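Here is what each chain is made of, one letter per residue.
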Amino acid sequence: MTEAALPAPVAAPSVDRERLAAIGFVLPSFVIIAGVFALPLVLLLGVSIVDANGLTFANYRRLLGTPYYLGVVWNSLRLGLLTTLIAFLISYPAAFALARARGALRSVLLATLFLPLAASVIVKAFAWTILLRSDGIVNETLIALGIIEDPIRMIFTETALIVGAVNIFLPFMILPIYAIVAQLDPRYAEAAATLGASPLVTFVRVILPLTLPGIIAGVALVFSLSVSAYVVPTLLIGEKYPTLATAIAKAYLLAREPGFGAAAGVVLLAIAIAVVAFSARLSREPK
């Protein structure tokens, strides 16, 4: 009686080898990210809560417990909220116009959108100071048109700050929305109209939900950039509108208070992380 033939041994899967290879590829990037980004943030947190006497939260009590610095925090949030809202109101229809443009017109519009990104924020902020000063182009145009008789003060006002911030950060709102709008299938709107939906209902129930990922990305980008802006408020409004970013600069460069500057930096970072985390959660929620 012959023994039953044993089944041929199955080759062990190379899962472990692939996992090790993946770890080998990822590890250098992880080390670089940890060293360049995570470690400085940990050190920043340490500076904010440790002084010569040991562990302390005095810097946070000063920042979050005094009316002046609470006003500074509110100024940063106000700048971020107003800039984001106005940029969205401009960018949403602009993204649709850009997506529906064809040929050379789309190329020109895209060029006008991308070219300002090549210039630094400092250059664009200085350009607004030239435009808005008493003898600037805006005042001279208004006088020439007979709208005003004497130059009006535009620079170093909150209006100038918001206008400049919206102009500088506008591309970061348009591009994510445009990327989604350009992929929309027009048959969705046609199907909704066929089923009897009005244009308003079609927009609210069909178009808006489909473009929500682009809106979330644009809002997160613009708010994070504007709430932490330093150059724009410094050049366009100065000391009249202190923000967390300018408070950090003063603490490090003028007052020589690295602990307080680090605390302000941690609070600013926490605001940015909260916005990004909330945006990520919204984008993952089932529609």
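Caption draft 1: Just the side chain of Thr-83, in detail. For Thr-83, the location among the structural elements is in helix α3 (residues 67–100). In terms of polar contacts, Thr-83 uses its side chain to reach the backbone carbonyl oxygen of Leu-79, at 2.7 Å. Setting aside residues up to four positions removed in sequence, Thr-83 forms contacts with Ile-162, Ala-165, Val-166, Phe-169, Val-222 and Ser-226.

Caption draft 2: Quick peek at the side chain of Asn-75. Inspection of the secondary structure assignment puts Asn-75 in helix α3. The class for Asn-75 is buried, based on a relative accessible area of 15%. Apart from the residues lying within four places of it in its own chain, the contact partners of Asn-75 are Tyr-241, Pro-242 and Thr-243.

Caption draft 3: Highlighting the environment of Ala-245. Tracing the sequence through the fold places Ala-245 in helix α12 (residues 244–253). Linking Ala-245 and Val-231, residues 14 residues apart in sequence, is a C-alpha distance of 8.9 Å.

Caption draft 4: Region of interest: the packing of aromatic side chains. Within the structure shown, the criterion is met by 5 aromatic pairs. Here a set of aromatic residues connected by ring pairs shows up, and it is made of Phe-88, Tyr-92, Phe-96 and Phe-203.

Caption draft 5: Representation of the packing of helix α2 (residues 58–65) against α3. Relative to each other, α2 and α3 sit at 75°, their axes nearing to 5 Å. Here α3 runs roughly perpendicular to α2, going by the angle between their axes. Contacts between α2 and α3 pair Arg-62, Leu-63, Leu-64 and Gly-65 from the former with Pro-67, Tyr-69 and Leu-70 from the latter. In terms of residue class, the contact of α2 with α3 is built from 5 nonpolar, 1 polar and 1 charged.

Conventions adopted
- Residues numbered from 1 in each chain as written.
- Predicted model: local features only at pLDDT ≥ 70, side-chain atom pairs only at ≥ 80, totals over all residues.
- Heavy atoms only, no water.
- Helix = DSSP H or I, 4+ residues; strand = E, 2+ residues; numbered from the N terminus.
- Polar contact = N/O pair within 3.5 Å; in protein donor to acceptor, adjacent residues only side chain to side chain.
- Contact = heavy atoms within 4.5 Å.
- Buried < 20%, exposed > 50% of the residue type's maximum accessible area, 1.4 Å probe, protein only.
- Phe/Tyr/Trp six-rings, centres within 6.5 Å; stacked < 30°, edge-to-face > 60°.
- Axes fitted to C-alpha atoms, helices over the stretch in contact; angles between N-to-C directions.
- Parallel < 35°, antiparallel > 145°, perpendicular 65-115°, else oblique.
- Nonpolar A, V, L, I, M, F, W, Y, C, P; charged D, E, K, R; others polar.

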